[in-house]
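Residue strings, one per chain:
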Amino acid sequence: EIYEQVIGIQIANKEGLITKVYPYEETQIGIDVSGYDYYKNIIKKNGVYWSPSFLSAQLESPAVSVSLPYNNGIITAFLSLNSIDVLSETTTSIGEDLLVTITDQNGVYVKHMDRNKVLLRENDQSFNKNREIWNGEILTETVIYNGQKYFAYSNFLPELNWMITH
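Nothing here was measured: the structure is a model prediction, and the numbers come from that model. (Residues numbered from 1 in each chain as written. Predicted model: local features only at pLDDT ≥ 70, side-chain atom pairs only at ≥ 80, totals over all residues. Heavy atoms only, no water.)

Draft legend 1. Representation of a nonpolar patch on the surface in the model. A cluster of nonpolar side chains, V48, W50 and L68, forms an exposed patch at the surface whose accessible area comes to about 260 Å². Among the secondary structure elements, W50 is positioned in strand β3 (residues 49-50). The class for W50 is partly exposed, based on a relative accessible area of 35%. (Patch = residues over 30% accessible without salt bridge, like charges linked within 9 Å, V, L, I, M, F, W, Y side chains within 5 Å. Areas by Shrake-Rupley, 256 points an atom, 1.4 Å probe, with all protein chains shown as cover. Salt bridge = Lys/Arg side-chain N within 4 Å of Asp/Glu carboxyl O. Helix = DSSP H or I, 4+ residues; strand = E, 2+ residues; numbered from the N terminus. Buried < 20%, exposed > 50% of the residue type's maximum accessible area, 1.4 Å probe, protein only.)

See the structure below:
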């Protein structure tokens, strides 16, 4: 499928009621999403809103939603982050001493070589410290993981406030 990262799309009207969904599921039409963070943030900011990561029950993997104003309401796309695993598995196979992690804006792992850290929604212990000291430059530190020493290089994606460490 061309858009395999797209789990689903929904359109909600200005009252917050879902009017259209893809893939179509009749039971979702009319659901009130006005209390959800993504809806409240779009109404408040009138811009693009990226959600923190969440665990997709249907895929058993991390996902995010992106929402934006649309036709006096909002449109929200739910996106799988499975492709991050595929991409970073290729990267990690380059060398034994390379550990790639990606965290969302709350420090929750969306990519880690130990998949349980992703599935259990664990936080990167260095996220808050690194976010406080980050000045736009790559941060470096030595970390020990499973008894092995790694030189960690961390940077943030300013638009999302996600941290990538390798």
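Draft legend 2. Broad picture of the pattern of salt bridges. Summed over the entire model, instances satisfying the criterion amount to two salt bridges. Across the pair E122 and K117 runs a salt bridge, and its minimum N-O distance is 3.1 Å. E122 sits in the partly exposed class, given a relative accessible area of 29%. With a relative accessible area of 18%, K117 lands in the buried category. Of the charged contacts in the structure, one is a salt bridge between E141 and K129, with a shortest N-O distance of 3.2 Å. One end of the pair, E141, is in strand β9 (residues 139-145); the other, K129, is in helix α4 (residues 127-133), and 12 residues separate them in sequence. When its relative accessible area of 22% is taken as the criterion, E141 is described as partly exposed. For K129, a relative accessible area of 42% corresponds to the partly exposed category.

Draft legend 3. View of the pairing of strand β1 (residues 6-13). Pairing geometry for β1 and strand β6 (residues 73-80), over seven bridges, is antiparallel. Bridge assignment links A12 to a residue of β6, and that residue is I74. Here β1 runs beside strand β2 (residues 18-22); their pairing, made up of four bridges, is antiparallel. Looking at β2, one finds that I11 is bridged to K20. Hairpin geometry of β1 and β2 is characterised by an intervening segment of four residues between the two adjacent antiparallel strands and by a positive phi of about 90 degrees at G16. (Pairing = 2+ DSSP bridges.)

Draft legend 4. Representation of the packing of aromatic side chains in the model. Summed over the entire model, instances satisfying the criterion amount to four aromatic pairs. Geometrically, the ring pair formed by Y36 and Y38 is tilted, given 5.7 Å between the ring centres and 55 degrees between the ring planes. Using a relative accessible area of 45% as the deciding quantity, one classes Y36 as partly exposed. Seen from their ring centres, Y38 and F78 are 6.2 Å apart, and the 90 degrees between their planes marks the pair as edge-to-face. Placement of the pair is Y38 in helix α1 (residues 37-45) and F78 in strand β6, with a sequence separation of 40 residues. Here Y38 matches F78 in class, with each residue buried. Feature note: the residues Y36, Y38 and F78 constitute an aromatic cluster, connected by ring pairs. (Phe/Tyr/Trp six-rings, centres within 6.5 Å; stacked < 30°, edge-to-face > 60°.)

Draft legend 5. Up close: the environment of S51. Mapped onto the elements of the fold, S51 is located in the loop between β3 and β4 (54-56). Looking at S51, the relative accessible area reads 6%, which means it is buried. For S51 and D37, which are 14 residues apart along the polypeptide, the C-alpha to C-alpha distance reads 8.0 Å. Filtering out sequence-adjacent residues up to four positions away, S51 remains in contact with V64, S65 and Q105. Within the local environment of S51, its side chain forms a polar contact with the backbone nitrogen of S65, the two atoms lying 2.9 Å apart. (Contact = heavy atoms within 4.5 Å. Polar contact = N/O pair within 3.5 Å; in protein donor to acceptor, adjacent residues only side chain to side chain.)

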